[in-house]
Structures are given as C-alpha cells and as structure tokens.
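So you can see what is in the structure, the chains are spelled out below.
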Amino acid sequence: ERFAAGDDTGEKSNVAGHIQHKLGDVEKGFREAEVFVEREFHTQTVHQGFLEPQASTASWGADGRVTVWTSAQGSFAIRTTTAAVLGLPESMVRVIPMEVGGGFGAKSVSYLDAVAAVLSRKSNRPVKMVMSREEVFKGGGPASGTHMRVKIGATRDGRITAGHHYLAYEAGAYPGSPVGGGAMTSLAPYKIENLLVDGYDVVCNKQKSSGYRAPGQPQATFAVESVIDELAAKLGMDPMELRLKNAVNEGDRMPNGVPHSRFGCRELEEAMKAHPHYSAPLEGPNQGRGVAVAFRWQGGQASSATINVNSNGTVSLSSGSVDLSGTRTTVAMQVAEVLGLAVEDVTSNVGDTDTVGYTANSGGSRTTFDTGLAAIAVAEEVKRQMGARAALLWEVQAEDVEFRDATFICTKNPADRITFKDLARRLMRTGGPISCSASANSTGVGPVFAGNIVDVEVDPETGKVDILRFTAFLDAGLAIHPGFVEGQMQGGTVQGIGWALNEEYFYSGDGTMANSSFLDYRMPTCLDIPAIDTVIIEVPNPRHPFGLRGVGEVTIIPVLGAVANAVYHAVGVRITGLPITPGSIMEALQAKDLQR
C-alpha cells in the first residue's frame, strides 16, 4: 500500500517534515530525454569552525533588570529567548552586543545567556560563561549531513528536459534542518520545465543542526553540479556551454514556481567561460579542472538606525545589526552617499537593545542590504530636516531648497547655498539639534549567483588532493566595498574547500564524537590553499536603491561541486560522498582497477 506525504500510517517516523516543489510533468520530461544521469550522494556533518567559542556575561541587577553582554549574531533574538526562558518581559532584559569572533550562522542560538543570568541572581554577582571547544562541537549546531539522489535528463543537443532531486537532511535530535534551502535552490540555475524536488527533514541521534553559511545549499548544489558535469561529458559538450544553454533568465520559474527576478546568471557564466583560467592548459597528468555554479534566493527582515548630526558636520550612526564582516562600514558608506559626506565623516556603531530600534539577526546576507535601507531612510530624513533649517536661514519654504553635491541650494535664488557641514554648525541657532531614527522592512534581498573554476592535482600513490588554482566569480549587484566583497568570496571558498576535502564529524562505536577539537577536526590552513582569485560581476539589483546584493553566503555554495568535478577530471573516478579524503580516492581507484 502506498501512502501520500503526511498520511497517518499508524507508525512512528523520524521524518519530521516534507517539502515538495513541482513544475510540469517530470515523467513526461524524462520520456523526452535522450540522455540522462542519475546518481546518489551523501555528505557528512560539518562545523562552522568559528575561532571564538560562544561566550556570555550576565548581571541580574537589584532593580530586577537583566543585562547580558554576549557574542552573538543578533541582540534582539537573544533578548527574546533570554526573557522567555527567565519568564521576564523583554523590557526587563538588555542585551549589549560584543564583537563576534566568527559566527557563520551558528551564533543565532542562545546557549549560555539565561544560564549565566540565573547564576548571577543566585550569586548576586555578574557571571561569565564560555563554552569549551569540545562543548562547541558537541553542543553547538553543526551543518546537516545529507543523503541525496539526483536525476537529470536532456536531449542530444543539450536541452534539459527534466530534473528530479531527492534530499534527506539530518536535523539532529530536534526537527528543523535547512532542507528547504537546498530544495529551493539546487536546480534553480537551470531552465527546467519539468522538475520534482522532494526534501525531507529527518530527526536522528546527533547534535541539533544549525545554520551554516547558506544553510542546506552547498550540499544540494554539490549533488546537482556533479550530475550536470557528468551529463556534459555524456553529451560531449563543454560543461560551461551546457550551463549556458540552459541558463535561466528573468521571468523563468524557480523550482517553487515563483518567477526569477533580475540577476546575473548568464553574465556570470559567460564571464567564467571567457576567463583565461578556463582555457589555460593543465600541466600534469594527474591534474583536473572543475566548474560549478550556484543560485541563492535571499529574503530579508526589519532593521533600524539612528543618526545624530554633530556640530562639526560629521554624523554619528547607530544601527542594530551586529557587525560580522565590516557592515558598520558598508552601512556608513550608504549614509555618506545620501548626505554627500566622506565615509570618514560617518561614525558608525552598533547599538544595544535599549538604544536602537528592533533589528533582526545579522544573517541571511541581509545586513548591508536591509540595514542599509534603514540607514538610507534615516539619512533622507536628516537631509529633509537640514533642508528645512536652510529654508529658515533664507526665509523661504522647505520645498524651495534642494540638495546637490553635499550643498543645500535655494531654487529661488541659486546664489544662496550652504554646505552640509556649514549648516551643521548653525543647528543650535536654527531650532536645535537634529537626531533622526528610522526603521525599514526589507524589500527582499533577492537573488544572487556565484561560480567557481578550480584546478587540482591528485597524488595517485596516496590520494592526496592539492588545490593548484582557484577563481571565484560572484554577481554582487554593486560592490560598494570591493575589498570586503573579495574577502567574503575568499572566506567562503576556504570553508567550502574544507567541506569538500577534509571536514567531518567522526563518531565512535558508542556514538560519541571522537574529533571534537581543532587538532582532530581537520580544517584547511594557509598551507592547504592557493591564492584565490576573484571576479566580481555587477548586474544591479532593482530591489535596492544602489543596486547591491547580499554576498556573504553564496560564495560557499558552488565550491563543493567544483572541487568534486575537478577531482573526477584528475583521476577519472567520480566521488559521490564528502569529504573526498585520500582514503576515499584510493578506494575508488582500486575499485576502478578491479573493474578493468
């Protein structure tokens, strides 16, 4: 007897949830296919690898208010959780964000804050708690291990007719794996009229999974990009030509049926194909080149910001977003652009939950985008109020004043003009200080696209993989701070390389984690990776006034597939499980020899 998803079978199941996306008729699509590839894949549990463990200090004051100093990705989320656990109104909890020594999505969860607060109340002293590295590995939330099947069919000329992706993601001991992210994005770079995606959230006896840079998407894209690479080989097509032939355009349907917005899929793939790295000759017999692309859809949430105008013409900006990667600067740059100031004239800081309006977590690649929207809104209000002050000086109406090139100009008498800085010096004589606050709901961070070209060399005697050359591509919309964008590209690439080649949770026979230290959990170091070249494509995002996109997460997504494809082209054997360790390569090579 067959049961539909969600039917009560009378049996207990560890499948906590099922998500399905369906377009067209997938069986019809496969009947139209003249060539198809079907493979199974699995990936292991991996950790974000942040350097600073979770840490929190709490003080329960005599007035009944709790103050928390914590290293987390969102002050307001920590306030909500702490207040709920302690049974207090949120107004009785103040969270002061500290600098974050790495998060990558894992520090959005409260582990220590409420415990430290209770101990503070009992001891009548401030209490500080820091997780040990072993506790971080065993108690913190890693990324899900997965089991997947992918089947893609195409005509002889390379037109993809159907795709099916089955994903089972480990949630750990409680429901809530990021299978939805993988289900929505893995097939999204391709125009496929007939597709079926089945994603399952599976509870198992492991640590509860947590967010890790583009949650759920690197694993899913690894599977799809491996099959696309194999399909190109079967068709005798250049792998980038196959991708370009099936590249999505604005208006094509995502797997969930929503039309794609404007983003640089085709532009980026053309840049990859034209890049000198793609056509450069490989120099050794055990070397291989791999490519992969990745799509990510990004939502957004609310942010708030406050600006105080100083008498010397500078401004002080407070926002609610914890700074993970230089976002204090990138948000300040947007204020400076609106007000015609140098970025050095904007002092940017992160406020606590008592000093700035509600702001959602720093995550989802939303901070520069969403908090930038709040900063733009408050800068526009500052500009409006400053214009009204200039109108008082000239005895005209506010609508008779325009702002251009950091200068207020009277449209009735263009000779009357005053710079922002000069006007700031007169605020106390024209009505007092100017202090403005604004909140903004996100317009939706929107789509983003990335790709990789990677060369590897595999030692046939040991199975060791060396990365020889790596070029990362990204559609940033507008790279308002190119250096920061490159840093995100390189950081995501390094994490992806570790995921592809080295990293995994290793469990002993009794179910305990055996490698819960940086000594035994193998992350790449500077000795394991080459210089990572970056290419930034700029296809403006219509959802943002300056056209920017969120760039923090998509950079990790294509790495797993690109490295796996490069290893295949180096040794002629496709490895479908991560990490691709020397042992797994030697086993695959030995199996290949036995088949001859």
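Just above, that's the structure.
Cut-offs applied
- Residues numbered from 1 in each chain as written.
- Predicted model: local features only at pLDDT ≥ 70, side-chain atom pairs only at ≥ 80, totals over all residues.
- Heavy atoms only, no water.
- 1 Å grid on protein atoms, 1.4 Å probe; cavity = no way out; pocket = protein on both sides within 12 Å on 5 of 7 lines; lining within 4 Å.
- Points joined across faces, edges and corners; volume = space filled by probe spheres on them.
- Nonpolar A, V, L, I, M, F, W, Y, C, P; charged D, E, K, R; others polar.
- Phe/Tyr/Trp six-rings, centres within 6.5 Å; stacked < 30°, edge-to-face > 60°.
- Helix = DSSP H or I, 4+ residues; strand = E, 2+ residues; numbered from the N terminus.
- Buried < 20%, exposed > 50% of the residue type's maximum accessible area, 1.4 Å probe, protein only.
- Axes fitted to C-alpha atoms, helices over the stretch in contact; angles between N-to-C directions.
- Left-handed = near helix turned anticlockwise from the far one by under 90°.
- Contact = heavy atoms within 4.5 Å.
- Pairing = 2+ DSSP bridges.
- Polar contact = N/O pair within 3.5 Å; in protein donor to acceptor, adjacent residues only side chain to side chain.

Asks: Is there a simple way to explain empty space enclosed by the protein in this structure?
Replies: Rolled over the atoms, a probe as big as a water molecule pinpoints where empty space is left. Under the defined criterion, the tally for this structure stands at 4 cavities of 30 Å³ or more. In this structure, the largest cavity occupies an estimated 80 Å³ of space. Around the largest cavity sit 13 residues that line it, and Gln 54, Thr 70, Ser 71, Val 109 and Asp 113 are the ones nearest its centre. Here the residues of the lining of the largest cavity are counted per class, giving 6 nonpolar, 5 polar and 2 charged. Taken as a whole, the second largest cavity encloses approximately 50 Å³ of empty space. Lining the second largest cavity we find Thr 45, Pro 142, Ala 143, Ser 144, Gly 145, Glu 170, Ala 171, Gly 172, Lys 206, Gln 207 and Ser 209. For the lining of the second largest cavity, the residue count by class is 3 nonpolar, 6 polar and 2 charged.

Asks: Is there a simple way to explain the packing of aromatic side chains in this structure?
Replies: Between two aromatic rings, the relevant description is the distance of the centres plus the angle of the planes. Tallied over the entire structure, the rule returns 13 aromatic pairs. Judged by centre distance (5.4 Å) and plane angle (75°), the ring pair of Phe 41 and Phe 222 falls under edge-to-face. Taken as a pair, Phe 41 in strand 2 (residues 35-43) and Phe 222 in helix 6 (residues 217-235) lie far apart in primary sequence, 181 residues in all. Take Phe 41: its relative accessible area is 0%, and that puts it in the buried class. A ring pair is formed by Tyr 166 and Tyr 200, whose centres lie 5.5 Å apart and whose planes are at 45°; its orientation type is tilted. One end of the pair, Tyr 166, is in strand 8 (residues 160-172); the other, Tyr 200, is in strand 9 (residues 195-203), and 34 residues separate them in sequence. Here the aromatic cluster, defined as three or more aromatic residues joined through ring pairs, consists of Phe 137, Tyr 505, Tyr 507, Phe 518 and Tyr 521.

Asks: Mind showing me how you'd approach the packing of helix 10 (residues 327-339) against helix 11 (residues 367-394) here?
Replies: Packed helix pairs are specified by the crossing angle of their axes together with the interaxial distance, meaning the distance between the axes. At a closest axis distance of 8 Å, the pairing of helix 10 and helix 11 adopts a crossing angle of 35°. Where helix 10 crosses over helix 11, the handedness of that crossing is right-handed. Each of Thr 327, Thr 330, Val 331, Gln 334, Val 335, Val 338 and Leu 339 in helix 10 lies in contact with helix 11, whose residues at this interface are Thr 367, Thr 368, Thr 371, Gly 372, Ala 375, Ile 376, Ala 379, Glu 380, Val 382 and Lys 383. Split into classes, the residues belonging to the contact of helix 10 with helix 11 amount to 8 nonpolar, 7 polar and 2 charged.

Asks: Quick question: what am I supposed to make of the sheet that holds strand 5 (residues 93-97) here?
Replies: What holds strands together in a sheet is hydrogen bonding between their backbones, with the strands either parallel or antiparallel. As summarised here, the arrangement of the 4 strands in space is 5-4-3-6, forming an open sheet in which the pairing is mixed. In the strand order of this sheet, the two ends are held by strand 5 and strand 6 (127-130), each with one partner. Adjacent strand axes in the sheet meet at a mean angle of 20°, parallel and antiparallel pairs treated alike. Pairing between strand 4 (residues 66-70) and strand 5: 5 bridges, direction parallel. Looking at strand 5, one finds that Val 68 is bridged to Val 95. In the packing of helix 2 (residues 75-86) onto the sheet, the strands contacted are strand 3 (55-60), strand 4 and strand 5, and the crossing angle to strand 5 comes to about 145°. Along the sheet face, helix 3 (residues 113-123) touches strand 3, strand 4 and strand 6 and points at about 35° away from the line of strand 3.

Asks: Any chance you could explain the side chain of Thr 306 here in plain terms?
Replies: Take Thr 306: it is sitting in strand 11 (residues 303-309). Among the residues examined, Thr 306 registers a relative accessible area of 14% and is labelled buried. There is a polar contact of 2.8 Å between the side chain of Thr 306 and the side chain of Ser 437. Setting aside its immediate chain neighbours within four residues, Thr 306 contacts Ser 316, Leu 317, Ser 318, Val 378, Ser 435, Cys 436 and Ser 437.

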